Amino acid sequence: MSQAALLQTDLPLPLARRGKVRDVYDVDADHLLLVTTDRISAFDVVMSEAIPYKGAVLTQLTAWWLAQLPADIPHHLITADTDEIIEAVPALAPYHAALAGRSMLTKKAEVVPIECVIRGYITGSAWKEYQTSGTLAGEALAAGLRESDRLDPPIFSPATKAETGHDENITIGTVIERVGADTAATLERLARTVYEFGRATAEPRGIIVADTKFEFGWRDGTLLLIDEVLTPDSSRFWPAGSYAPGRGQPSFDKQPLRDWLDVQRKAGRWNGEAPAPTLPPEVIRATSLRYRDAFLRLTGAPLDLARLGLPADQ
Ligand SMILES: Nc1ncnc2c1ncn2[C@@H]1O[C@H](COP(=O)(O)OP(=O)(O)OP(=O)(O)O)[C@@H](O)[C@H]1O
Ligand SMILES: [Mg+2]
């Protein structure tokens with residue numbers, strides 16, 4: 001039986017890492033298997049419940065974006081089709097149900113240890129820095145920006161991947177010191193190209209991609225776009241219909257969950273640390289529907305549960 005909601009996988013391959021959301025396995029020296037579970041985090045805490053179809057939305061959305069991108073953006077994806085994955089890695093045959101829809105077979109790359117963040121709207125930590133010093137990543141911005149204002153051109157604001165806690169913003173000068181001027185320029189150019197493509201594609205479809213994070217890795221002398229791409233977990237998605245600068249915007253996908261957690265906190269039922277309170281079924285369902293709605297709006301078609309081998313809506 002395939003599963004709509006899966007918290008963790010246990011596959012017969014060496015586990016390379018378990019992130020907040022993804023279980024990453026080494027297939028061989030050249031290939032990785034990325035399994036996006038249905039775990040969800042909010043306020044930096046991973047919830048105890050899984051969100052049905054979330055892993056499939058993130059995986060299939062990444063695959064969809066990669067298929068839309070201009071051909072001159074090399075990337076790591078080999079396939080997000082479960083049958084093709086099992087054909088390539090026969091040892092996974094008994095695990096079709098766990099893999100269904102939520103897995104990607106990729107080319108393994110040597111990860112560039114820079115989180116390539118692009119911001120097309122000013123919010124979050126960038127808004128905080130701007131309010132304090134009028135800068136973003138140390139560079140002066142135009143005066144008079146309001147919270148959630150659009151940034152044109154978008155701003156490349158790299159960070160280092162921290163093993164624990166929050167990523168640390170770094171200047172372009174620091175990126176150049178770490179990876180060299182040529183690679184730094186390529187990272188910025190690729191990140192801008194993919195983000196601008198994503199922002200322009202999503203906006204008429206009702207979703208503002210306020211900012212996003214890309215990762216890149218080397219493979220045979222080429223920089224590949226790796227990891228997840230333009231998903232609600234790697235980006236801030238805002239509903240375009242209710243967008244108004246001068247205030248914070250709701251999250252397209254996680255707002256039902258965040259709102260409910262806020263109520264629990266204010267009522268003294270949660271201290272904001274792990275473990276989070278048990279999520280009620282209606283919050284799980286509302287969140288699952290938001291993720292699937294994001295997929296539908298962006299791609300123009302609902303997540304095809306039957307084709308992906310996932311159970312019908314529950
Ligand atoms: N093609 C690839 N080659 C090598 N590494 C890759 C590739 N694609 C993705 N990765 C790496 O896989 C890891 C994915 O796991 P990660 O820890 O980010 O999981 P996550 O669930 O997103 O957790 P978190 O929320 O903590 O980021 C990242 O470290 C990323 O750099
Ligand atoms: Mg990650």
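Look a little higher up for the structure.
Since we're looking at a predicted model, the values are computed, not measured.

Asker: I tried to follow the site of ligand 1 on my own but got confused; where do I start?
Answerer: Near ligand 1 there are 18 residues, and of these R17, V21, R22, K107 and E215 occur at the shortest range. One of the backbone N or O atoms of K20 is found 3.0 Å from an oxygen atom in ligand 1. At a separation of 3.0 Å, a nitrogen atom of ligand 1 approaches a polar backbone atom of A109. In the complex, the protein chains occlude 87% of the 620 Å² of accessible area that ligand 1 would expose alone. If you list the elements that add at least two residues to the shell around ligand 1, you get β2 (22-28), β3 (31-36) and β7 (103-107). Here the shell around ligand 1 is composed, by residue class, of seven nonpolar, three polar and eight charged.

Asker: Looking at this model, I keep getting lost on the pattern of salt bridges. Mind explaining?
Answerer: Once their charged atoms are close, side chains differing in charge can pair, the charge on each being opposite to the other. One pass over the full model with this rule turns up 24 salt bridges. Here D211 ties to R119 by a salt bridge, and the two come within 3.6 Å at their closest N and O atoms. Placement of the pair is D211 in strand β15 (residues 207-219) and R119 in strand β9 (residues 114-121), with a sequence separation of 92 residues. For the pair D211 and R119, a shared accessibility class is recorded, and that class is buried. A single salt-bridge network, built from bridges that share partners, covers R22, E115, K161, K213, E215, D227 and E228.

Asker: How do you make sense of the pairing of strand β1 (residues 15-18) when you look at a structure like this?
Answerer: Along any regular strand, the residues point their side chains to alternate faces of the sheet. Bridging between β1 and β2 involves three bridges; their strand directions are antiparallel. Opposite R17, over in β2, you have V24 as the bridge partner. The antiparallel pairing of β1 with β2 creates a hairpin that spans three residues between the two strands.

Asker: What is the right way to read unusual backbone geometry from this model?
Answerer: Most peptide bonds adopt trans geometry, and most residues besides glycine take a negative phi value. Cis geometry is found at the peptide bond from D152 to P153, where omega equals -5°. Note on placement: P153 falls in strand β12 (residues 150-156). The peptide bond linking A274 to P275 adopts the cis configuration, its omega dihedral lying at 0°. Inspection of the secondary structure puts P275 in the loop between α7 (255-266) and α8 (281-299). For S148, which is not a glycine, the phi torsion comes out positive at approximately 75°. Relative to the helices and strands, S148 is located in the loop between β11 (139-140) and β12. Taking relative accessible area as the criterion, S148 reaches 0% and is therefore assigned buried. Phi is positive for D220, which is not a glycine, with a value near 50°. Turning to its location among the elements, D220 is positioned in the loop between β15 and β16 (222-226).

Procedures and definitions
- Residues numbered from 1 in each chain as written.
- Chains lettered and ligands numbered in written order.
- Predicted model: local features only at pLDDT ≥ 70, side-chain atom pairs only at ≥ 80, totals over all residues.
- Heavy atoms only, no water.
- Near = heavy atom within 4 Å.
- Polar contact = N/O pair within 3.5 Å; in protein donor to acceptor, adjacent residues only side chain to side chain.
- Areas by Shrake-Rupley, 256 points an atom, 1.4 Å probe, with all protein chains shown as cover.
- Helix = DSSP H or I, 4+ residues; strand = E, 2+ residues; numbered from the N terminus.
- Nonpolar A, V, L, I, M, F, W, Y, C, P; charged D, E, K, R; others polar.
- Salt bridge = Lys/Arg side-chain N within 4 Å of Asp/Glu carboxyl O.
- Buried < 20%, exposed > 50% of the residue type's maximum accessible area, 1.4 Å probe, protein only.
- Pairing = 2+ DSSP bridges.

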